[in-house]
Amino acid sequence: MSEIMTPNDANFLGKVFGGSLLALIDLCAYTTAARFAGEACVTASFDRVDFHEAIEVGEVVTLEGFVSFVGRTSVEVTIEVFAEHIFKRTKRHTNTARVTMVAIRDDRPVEVPRLLCETRDDKIRFLEGRLRRELRTKQREERARIAQQFTQATDEELDGLLAQQNLS
């Protein structure tokens, strides 16, 4: 999908506001996931959005989404964002995003089709997507474990942890 960036999309520096771009990424992720799943999809998470270069007002932004991994009810969509200066005929890769969408019907998650990995690149993307999901799960568990330690720590232990942070 493509859209021209207007002054309404600008931040206080005159570049395209990240929030405007995130909204476009979410729409592209929905469209890609819903086409694949054949169902309505909702955003479960933005795994990562990398901002490689700023986008100027007046440039045409093109978002290309593809399914990189599927779970039982989830679809990971990778989105590549390009900005094009129409008059200079230049095109730049400005962003990469990964969004996990969940297929729903009657407000309940539903299974999605299996992803057919036909090319070498398809297979690599799928395996990388599976690795990202496994790492997210481990990170979530580790974060919960550490947060629990914080809540159980004494004030003195918390002060010691804060003091360590100030030294780094």
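Sequence order as written defines residue numbering, which begins from 1 separately in each chain. Local features in this predicted model are restricted to residues of pLDDT 70 or higher, and side-chain atom pairs are both shown and tallied only at a pLDDT of 80 or more, whereas totals for entire chains, interfaces and linings draw on every residue. The side-chain values count all of the structure's non-hydrogen atoms but skip hydrogen atoms and water molecules.

Student: Explain the overall build of the protein to me, please; I cannot follow it from the model alone.
Tutor: Within the protein, the secondary structure is distributed over three helices and six strands. Put simply, DSSP marks the helices as runs of H or I at least four residues long and the strands as runs of E at least two long, and each gets a number from the N terminus on. Traced from its N-terminal end to its C-terminal end, the protein shows the element sequence β-α-β-β-β-β-β-α-α. In terms of overall size, the protein is more extended than a compact globule, its C-alpha atoms giving a radius of gyration of 20 Å where 168 residues would be expected to give roughly 15 Å. Along the longest, intermediate and shortest principal axes, the C-alpha atoms of the protein span 60 × 45 × 35 Å. Exposure is judged per residue with a 1.4 Å probe applied to protein chains only, and the accessible area is read against the type maximum: over 50% gives exposed, under 20% gives buried, and values in between give partly exposed. In the protein, which comprises 168 residues, the share counted as buried stands at 32%. Just so you have it, the protein exposes about 10900 Å², and 53% of that area is on carbon and sulfur atoms. In this description the radius of gyration comes from C-alpha coordinates, and the expected globular size is given by 2.2 Å times residues to the power 0.38. Exposure was quantified through the Shrake-Rupley algorithm and a 1.4 Å probe, taking into account, for residues, occlusion by the shown protein chains and nothing else.

Student: Explain a negative patch on the surface here, please?
Tutor: Excluding any residue in a salt bridge, patches collect residues exceeding 30% relative accessible area, merging like charges within 9 Å and nonpolar Val, Leu, Ile, Met, Phe, Trp and Tyr side chains within 5 Å. Here a salt bridge means any side-chain nitrogen of Lys or Arg lying within 4 Å of a carboxyl oxygen belonging to Asp or Glu. In this tally, Asp and Glu contribute negative charge and Lys and Arg positive charge; neither His nor the terminal groups of the chain are included. For the purpose of locating charges, the reference atoms are NZ of Lys, CZ of Arg, CG of Asp and CD of Glu. Judged by side-chain charge, Asp155, Glu156, Glu157 and Asp159 come together as a negatively charged surface patch. Take Glu156: its relative accessible area is 60%, and that puts it in the exposed class.

Student: Looking at this structure, how should I read the pairing of strand 4 (residues 74–85)?
Tutor: Residues in a regular strand project their side chains so that they alternate between the two faces of the sheet. Counting buried residues in strand 4 gives 10 out of 12 residues, a clear majority hidden from the surface. One requirement defines pairing of two strands: DSSP has to find at least two bridges between them. Where strand 3 (residues 60–70) folds back on strand 4, the antiparallel hairpin that results is connected by three residues. Inspection of the sheet shows strand 4 paired to strand 5 (residues 90–105) by 12 bridges, in the antiparallel sense. Paired with Glu76 across the strands is Thr100, a residue of strand 5.

Student: When you look at helix 1 (residues 18–37) in this model, what are you seeing that I'm missing?
Tutor: The α-helix winds at 3.6 residues per turn, so residues separated by three or four positions along the chain end up facing the same way. Helix length check: helix 1, at 20 residues, gives a terminal C-alpha distance of 28 Å against a target of 28 Å (1.5 Å per residue), a fit within 8%. Buried within helix 1 are the following residues: Ser20, Leu21, Leu24, Ile25, Cys28, Ala29, Thr32, Ala33, Ala34 and Ala37. As for helix 1, its buried residues are in contact with strand 1 (2–4), strand 2 (40–51), strand 3, strand 4 and strand 5. Helix span, expected: 1.5 Å multiplied by one less than the number of residues in the helix. In what follows, a contact means two residues having at least one pair of non-hydrogen atoms within 4.5 Å.

Student: So what exactly am I meant to see when it comes to the side chain of Thr78 here?
Tutor: By the element assignment, Thr78 lies in strand 4. Thr78 sits in the buried class, given a relative accessible area of 2%. Think of a polar contact as two N or O atoms within 3.5 Å of one another; within protein, one of them needs to be a possible hydrogen donor and the other a possible acceptor, and neighboring residues in sequence only count if both atoms come from side chains. Polar side-chain contacts of Thr78 include one of 2.8 Å to the side chain of Ser68. Here the side chain of Thr78 touches Arg98 through a polar contact of 3.3 Å, side chain to side chain. In this structure Thr78 touches Glu64, Gly65, Phe66, Ser68, Thr96, Ala97 and Arg98, once residues within four positions along its chain are discounted.

Student: Can you help me understand the nonpolar core in this one?
Tutor: One finds Ile25, Ile55, Leu63, Ile79 and Val81 to be the most contacted residues of the largest nonpolar core, which totals 28 residues. Secondary structure elements with two or more residues in this core: helix 1, strand 3, strand 4 and strand 5. In contact with Leu63, other than residues within four places in its own chain, are Met1, Leu24, Ile25, Cys28, Ile79, Glu80 and Val81. Each nonpolar core is a collection of buried residues, namely Ala, Val, Leu, Ile, Met, Phe, Trp, Tyr and Cys, held together in the definition by side-chain atoms within 4.5 Å.

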